[in-house]
Amino acid sequence: MSVSPQGGDDERSRMNPRSVRILLVLGAFLTGLALCFAIILLVSEQTPMRPAVAAIGGPFRLTDQDGRTVTDQDQKGRPFLVFFGFTRCPEICPTTLFEISEILRKLGPDADRTRALFITVDPERDTPKALKDYLSSFDAHMVGLTGDSDAIAAVAKSYRVIYRKVPLDQGDYTMDHTAIVYLMDKQGRFVSPFSLRRTTEASAAELRKYL
Ligand SMILES: [Cu+2]
C-alpha cells in the first residue's frame, strides 16, 4: 500500500471507510474487555474467600502489660498487626518483634494510628509484668496481651493459631506455636498474613495503605 505524504483532503476521505472499520473493531474489543472485567468482578464477589477470610480473628478480652483490660473493640479505627508467641521464646519471637518494631519506627508519627499486638501463648509465665519487662526492648506501640488459659485458648483458636507445651529437662518447658503475623484492617477484619520477608520500608508502606 502507498501513502502519499501530501495526502490532503483526498487522502483523508479515502481513509474513511478503513477508519470506520478500525473504530468498529476497537469498539468491539473494548466492549469485550469491559464484559471480561464485569465477569471477573462477578466471579470474585461470589468466591467463598469472603467467609473464610472473615473467620480469622474475633472478639477477645485480655490484659495488657500495664494491667489494663484490652478488647478487640479497642482496636477499631486503626489497622493492627497480631502475633502470638511467648517471652521465653529463644528465636522466632524476638526476631519477629524486632522486625515489627523497626516497621513501627519507620512509620514515624503514623505509628500512633496503628497497633501491634503480641498475644502470649504462655499465660502461665507471661504475666503483665513479664510482658512489660520483655516489651521494654521493643517499640512502645507494641501491646503485650495475656489472660487466663481459656481466654488465650479462645483468641488463639479464633486466629487459628496452634500452640503446645514442649517439656524440657528438670520440669522446664518451652512452647511450639504458629508464627504468622496477621494484618487486620480498621474494622478488625483479617486482610492477609503480613510478610516480613521484604524491606522495612516496603512493610511500612504496606501497613500505611490501611491507615
Ligand atoms: Cu516464639
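Starting from 1, residues in each chain are numbered consecutively following that chain's sequence as written. At least 70 in pLDDT is required for a residue's local features to be given in this predicted model, at least 80 for side-chain atom pairs to be given and counted, and no such filter applies to totals for whole chains, interfaces and linings, which use all residues. Hydrogens and water are ignored here; the side-chain numbers use all heavy atoms of the structure.

Examining the pairing of strand β4 (residues 115-120)
Part 1 of the argument: To sort residues, take the accessible area from a 1.4 Å probe on protein chains only and compare it with the maximum for the residue type: under 20% means buried, over 50% means exposed, and anything in between is partly exposed. Numbered from the N terminus, helices here are DSSP runs of H or I no shorter than four residues, and strands are runs of E no shorter than two. Counting buried positions over the 6 residues of β4 gives 5, a clear majority of the element.
Part 2 of the argument: If DSSP finds at least two bridges between two strands, the strands pair. Of the pairings in the sheet, the one linking strand β3 (residues 80-85) to β4 comprises 6 bridges and is parallel in character. Bridging across to β4, leucine 81 finds its partner in alanine 116.
Part 3 of the argument: Whether a crossover is right-handed comes down to one check: with the strands pointing away from the viewer, does the path from the first strand over the helix to the second run clockwise; if it does, it is right-handed. Between the parallel pair β3 and β4, the chain is carried across by helix α3 (residues 92-107), and the sense of this crossover is right-handed.
Part 4 of the argument: Here 4 bridges tie β4 to strand β5 (residues 142-146), and the two strands are oriented parallel to one another. Note on β5: the bridge partner recorded for isoleucine 119 is leucine 145.

Structural notes on the confidence of the model for the protein
Part 1 of the argument: Per-residue confidence from the predictor is reported as pLDDT, which spans 0 to 100. Here the protein averages 85 in pLDDT, while 74% of its residues score no lower than 70.
Part 2 of the argument: Whether two residues are in contact is decided by their heavy atoms, any of which lying within 4.5 Å being enough. The low-confidence segment residues 1-8 (pLDDT under 50) makes 3 contacts with residues lying over four places distant or belonging to another chain.
Part 3 of the argument: Predicted confidence for residues 39-49 stays below pLDDT 50, and this span has 0 contacts to residues more than four positions away or in other chains.

Observations concerning the coordination of the copper ion
Part 1 of the argument: For Na, K and Ca the donor cut-off is 3.2 Å, and for all other metals it is 2.8 Å, counting N, O and S atoms only; because water is absent from this set, sites may look incomplete. Protein-derived coordination of the copper ion comes from Cys89 (SG), Cys93 (SG) and His177 (NE2), at a distance range of 2.1 to 2.2 Å.
Part 2 of the argument: Spacing between the donor residues of the copper ion along the chain follows C-x3-C-x83-H.
Part 3 of the argument: Residue classification places cysteine 89 among the buried positions, given a relative accessible area of 9%.
Part 4 of the argument: On the basis of relative accessibility, which here comes to 0%, the residue cysteine 93 falls in the buried class.

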